[in-house]
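Fold and geometry: a report
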Amino acid sequence: MTTTCFCGSSLSFNECCGSIISGKRAAATALELMKSRYSAYCVVASDYLIATTHLSKRAQFDKASIEQWAKESQWKGLKIISTAKGSALDTQGEVTFQALYIDEDKKSRVHYEHSLFVKEHNQWFYLSGKTIAISRNDDCPCGSGKKYKKCCGA
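This report concerns the structure included in the present document. Quick caveat, the model's predicted, so the values are computed rather than measured.

Here we come to the sheet that holds strand S3 (residues 108-120). Taking strand neighbours across the sheet as the criterion, the four strands line up as S1-S2-S3-S4 in an open arrangement whose pairing is antiparallel. The open sheet terminates on both sides in strands that have one partner only, identified here as strand S1 (74-85) and strand S4 (123-131). Here the average twist between neighbouring strands, direction ignored, is 30°. In this fold helix H2 (residues 30-42) packs onto S1, strand S2 (92-102), S3 and S4, with an angle of close to 165° to the strand it touches most, S1. Sheet strands in contact with helix H4 (residues 63-72) are S1, S2 and S3, and its direction is about 115° off that of S1.

Here it is as structure tokens:
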């Protein structure tokens, strides 16, 4: 596969997130894990998504539900809003992001989340996430310049 990576980097998928999803290398930072998890939704890599969820939270995730959402959604892009900690030297990290997608009803949607990550035994894991609500009068996160209610929230 020679396409540009789904996470938005200029690298090919195989050089970037594909190498992490396939197990050729580990995510070095919380941000890198977050981006690889977004890319995993794009390629419906549910086993990877479950394996990179912290063991204490895995029971909350259902493989069939992950696959259904990943397959029914047309993933349109990832926008990183902010990061805190999560470097190769840290054991905790935070990433706030927006994942743009089109749902099964052909409606544009935004998944806006603040995620927490932990590193154990030199491996990063997704610990939890809090969905952030977008107000109808907020600027649309897709970058159109319109209000959310007149764009993706319509």
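Right, let's talk about the side chain of Ser73 for a bit. Structurally, Ser73 can be placed in the loop between H4 and S1. A polar contact is formed between the side chain of Ser73 and the backbone oxygen of Trp69, at a distance of 2.8 Å. Those residues in contact with Ser73 that sit more than four places away from it in its chain are Tyr101 and Ile102.

This part covers the packing of aromatic side chains. For any two aromatic rings, the description comes down to two numbers: the centre-to-centre distance and the angle of the planes. One pass over the full model with this rule turns up nine aromatic pairs. Ring plane angle 45° and centroid distance 5.7 Å describe the contact between Tyr41 and Trp75, whose orientation is recorded as tilted. One end of the pair, Tyr41, is in helix H2; the other, Trp75, is in strand S1, and 34 residues separate them in sequence. Taking 5.6 Å as the distance between ring centres and 90° as the angle between the ring planes, the aromatic pair formed by Trp69 and Tyr101 counts as edge-to-face. With a gap of 32 residues between them, Trp69 in helix H4 and Tyr101 in strand S2 connect regions that are remote in the sequence. Judged by relative accessible area, Trp69 falls into the partly exposed class, the value being 28%. Among the aromatic side chains, those forming a connected cluster through ring pairs are Tyr38, Tyr41, Trp69, Trp75 and Tyr101.

Definitions and limits used
- Residues numbered from 1 in each chain as written.
- Predicted model: local features only at pLDDT ≥ 70, side-chain atom pairs only at ≥ 80, totals over all residues.
- Heavy atoms only, no water.
- Pairing = 2+ DSSP bridges.
- Helix = DSSP H or I, 4+ residues; strand = E, 2+ residues; numbered from the N terminus.
- Axes fitted to C-alpha atoms, helices over the stretch in contact; angles between N-to-C directions.
- Contact = heavy atoms within 4.5 Å.
- Polar contact = N/O pair within 3.5 Å; in protein donor to acceptor, adjacent residues only side chain to side chain.
- Phe/Tyr/Trp six-rings, centres within 6.5 Å; stacked < 30°, edge-to-face > 60°.
- Buried < 20%, exposed > 50% of the residue type's maximum accessible area, 1.4 Å probe, protein only.

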